[in-house]
Amino acid sequence: MTQASFFAPDIMEMAAQVIAENRALGRKVVLAESCTGGLVSAALTEIAGSSAVVESGFVTYSNAAKQKLLCVSPDIIDTFGAVSCACAWAMAQGALKNSDADVAVAISGIAGPDGGTAQKPVGLVVFAKAERNSEEVLAEERFFAPTSRSEIRAEAVKVALELLLPKKEAPMEPPAEEE
């Protein structure tokens, strides 16, 4: 029996892949969402068996919520803004700290149609990924054409799902033989 979903088929395929690959590794994930308002968590939990992977999610739309629930320093928000790599990284770290998950992805952005500035236009979304017991910092800005609020949020969901996929190690090539 096929069930209808709130989400487009491509998002559902990606969500199913995130669940399957993380389940195979025994990894739990946590989300810290702002501009997506819980859409990434919702897409993941559309997948049967997602409880084996989704540990929790935080929807921290306001700056106060980012500070209270994810321990984002007010200095980060005052200095860099809520839509910054620094803030997204702090959100991901806070999500890990306040959960038992192995990997966190955070999203903050300006979905519009209002709220953009010359420095931070509508369509700017920042992402961060943090893994427990890892020093690696992954934070990036993406700009999505400001077509519509829904489109920007859908594109952000896709990026977040990509970030939740476990890294695939490239197969090692045998050393070249010397002649």
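Here the structure is shown first, and the text comes after it.
Residues numbered from 1 in each chain as written. Predicted model: local features only at pLDDT ≥ 70, side-chain atom pairs only at ≥ 80, totals over all residues. Heavy atoms only, no water.

(A) Spatial organisation of the sheet that holds strand S4 (residues 124–131). Pairing is mixed across the open sheet formed by five strands, whose spatial order is S2-S1-S3-S4-S5. For this open sheet the edge positions go to strand S2 (54–59) and strand S5 (138–143), each flanked by a neighbour on one side alone. Strand-to-strand twist across the sheet, computed as the mean angle between neighbouring axes with direction ignored, equals 15°. When strand S1 (residues 29–33) meets strand S3 (residues 103–109), the two strands line up parallel, connected through five bridges. Across the sheet, residue Glu33 finds its bridge partner in S3, namely Ile107. Packing of helix H5 (residues 85–97) onto the sheet brings it into contact with S1, S2, S3, S4 and S5, and relative to S4 it is tilted by some 40°. (Pairing = 2+ DSSP bridges. Helix = DSSP H or I, 4+ residues; strand = E, 2+ residues; numbered from the N terminus. Axes fitted to C-alpha atoms, helices over the stretch in contact; angles between N-to-C directions. Contact = heavy atoms within 4.5 Å.)

(B) Quick peek at the environment of Ala24. Along the chain, Ala24 falls in helix H1 (residues 9–25). Sequence separation between Ala24 and Val53 is 29 residues; the distance between their C-alpha atoms is 9.6 Å.

(C) The pattern of salt bridges, seen in detail. Counted under the stated rule, the structure contains six salt bridges. Put simply, Lys167 and Glu136 hold a salt bridge, and the shortest N to O gap is 2.7 Å. On the criterion of sequence distance, the pair formed by Lys167 in the segment after helix H6 (149–164) and Glu136 in the loop between S4 and S5 is long-range, its members being 31 residues apart. In this structure, Glu140 engages Arg142 in a salt bridge whose closest nitrogen and oxygen atoms are separated by 2.8 Å. A single salt-bridge network, built from bridges that share partners, covers Asp10, Glu155 and Lys158. (Salt bridge = Lys/Arg side-chain N within 4 Å of Asp/Glu carboxyl O.)

(D) How the structure looks around unusual backbone geometry. For the peptide bond that leads from Gly112 to Pro113, omega is 5°, which places it in the cis range. Here Pro113 lies in the loop between S3 and S4. Despite not being glycine, Cys71 has its phi angle at roughly 60°, a positive value. Positionally, Cys71 belongs in the loop between helix H3 (63–70) and helix H4 (74–80). The exposure class of Cys71 is partly exposed, given its relative accessible area of 43%. Phi is positive for Asn133, close to 65°, though the residue is something other than glycine. Here Asn133 is to be found in the loop between S4 and S5. (Buried < 20%, exposed > 50% of the residue type's maximum accessible area, 1.4 Å probe, protein only.)

(E) Broad picture of the environment of Cys85. Secondary-structure assignment places Cys85 in helix H5. Look at Cys85 and you get partly exposed, because its relative accessible area is 25%. Residue contacts for Cys85: discarding those within four places in its chain leaves Val126, Ala139, Glu140 and Glu141.

(F) Expanded view of the side chain of Thr60. Residue position: Thr60 is located in the loop between S2 and H3. Looking at Thr60, the relative accessible area reads 0%, which means it is buried. Aside from chain neighbours lying at most four places away, what touches Thr60 is Glu33, Ser34, Ala65, Lys66, Leu69, Leu70 and Met91.

(G) Quick peek at the pairing of S4. Taking burial as the measure, the eight residues of S4 include seven buried ones, the bulk of the element. Hairpin connection from S4 to S5: six residues lie between these consecutive antiparallel strands, with Asn133 at a positive phi of about 65°.

(H) Local environment of the pairing of S3. Most of S3 is tucked away, with seven of its seven residues classed as buried. Side chains of S3 alternate between two faces, with Val103, Val105, Ile107 and Gly109 and Ala104, Ala106 and Ser108 buried alike. Note: S3 against S4, seven bridges, orientation antiparallel. The residue of S4 that forms the bridge with Val103 is Glu131.

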